[in-house]
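The chain contents come next:
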Amino acid sequence: MFRRTILSAFFLLAFSAFSFAQNAQPEMADALRKDGKIYVVVLVLATIFAGIIAFLVRLDRKISKLEKHNNPIS
Amino acid sequence: MRQSWWKVVCVLLLGYTIVAGFLIPVPALNIINETIRNLYFHVPMWFTMIILFLVSFIYAIKYLRSGDLKHDIFSAEYTKVGIVFSILGMLTGMEWAKYTWGEAWSNDPKQLGTAISMLIYFAYLVLRGGMKDEEKRAKISAVYNVFAFALMIPLLWILPRMVDSLHPGNGGNPGFNTYDLDKDMRMVFYPAVFGWILLGVWITTLKVRISLIEYKRENNF
């Protein structure tokens, strides 16, 4: 419990240290990338992508199985 | 999984695209700002569609030469997945256009040409759906496929370049220079194109294999 509070306090501090935004000339996501939030988007997309790939792999295996069962007929 | 090495390559390339596509710095330009990153996702949809339609076209010609119904199955599935990618490309393009050109649909020559081309391919599905006789369906849709692919070339690459267009690579410009593609962007863009094409092919091969199983079943009883 104690250790957990220390950990969460550390993370809160770490995140607040990142949260100083800066204004660049044209509006780009430099600040976003610096304060780390862009990584959240990357993570979300990577998750979706991993899900789709896992689905495709399963489908691929299933079809391979079907093909094995079907082959002796042809 | 059958012949899985290129599927692994596909996953690696796309994984790299998703991570590097957001994190590698891009040129700071007015109006498009950070949306230039869409290049890694919107443009490969069209590249994939073109490759899938090209393969479909080749199989259509193969069918006409051989009369083998398996070639017809390949041709049809490649077109179907190509249409899915064209819809994705159109939607992502409209989303992008909404915030950079001001309107999702601005009757831009490239948009119009693409829309016509998509309608021609939609008609391919209607045509196939309307015929029950396998041989007849295969022959007519193969001929139609050749026609559709031949029309797509002027609609996507010639006509939009002869008039002024909002779309980069048009209005007399030869192509990618207008994107301000710098070295960093190329490092992501080319792998992205390759990865998305491989994903399209992967999905198509799955559909083809299912159709082949069905075809074998129907012809063995």
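Residues numbered from 1 in each chain as written. Chains lettered and ligands numbered in written order. Predicted model: local features only at pLDDT ≥ 70, side-chain atom pairs only at ≥ 80, totals over all residues. Heavy atoms only, no water.

Draft legend 1. Representation of the packing of aromatic side chains within the structure. Residue and element names in this part refer to chain B. Evaluation of the coordinates by the stated rule reveals ten aromatic pairs over all chains. Each ring, one from F57 and one from F149, has its centre 4.5 Å from the other, and the planes form 20°; the classification is stacked. A residue pair is termed long-range when its members are at least 10 positions apart, and F57 in helix α2 (residues 42-66) and F149 in helix α5 (residues 134-162) qualify at 92 residues. The pair formed by F57 and F149 is uniform in burial state, with each residue classed as buried. Here Y59 and Y78 contribute two aromatic rings whose centre-to-centre distance is 6.2 Å and whose plane-to-plane angle is 15°, an arrangement assigned as stacked. Of the two residues, Y59 sits in helix α2 while Y78 sits in helix α3 (residues 69-100), which places them 19 residues apart along the sequence. Across this residue pair, the class does not change: Y59 and Y78 are buried. An aromatic cluster is built from F22, Y40 and F41, whose rings are joined through pairwise contacts. (Phe/Tyr/Trp six-rings, centres within 6.5 Å; stacked < 30°, edge-to-face > 60°. Helix = DSSP H or I, 4+ residues; strand = E, 2+ residues; numbered from the N terminus. Buried < 20%, exposed > 50% of the residue type's maximum accessible area, 1.4 Å probe, protein only.)

Draft legend 2. Broad picture of the packing of helix α1 (residues 5-23) of chain B against helix α6 (residues 183-218) of chain B. Residues and elements named next belong to chain B. Look at α1 against α6: their axes get within 8 Å of each other, and the N-to-C directions meet at 135°. Here α1 lies oblique to α6, going by the angle between them. Classified by chirality, the crossing of α6 by α1 is left-handed. Of the residues in the contact of α1 with α6, the class split is 18 nonpolar, four polar and two charged. (Axes fitted to C-alpha atoms, helices over the stretch in contact; angles between N-to-C directions. Parallel < 35°, antiparallel > 145°, perpendicular 65-115°, else oblique. Left-handed = near helix turned anticlockwise from the far one by under 90°. Nonpolar A, V, L, I, M, F, W, Y, C, P; charged D, E, K, R; others polar.)

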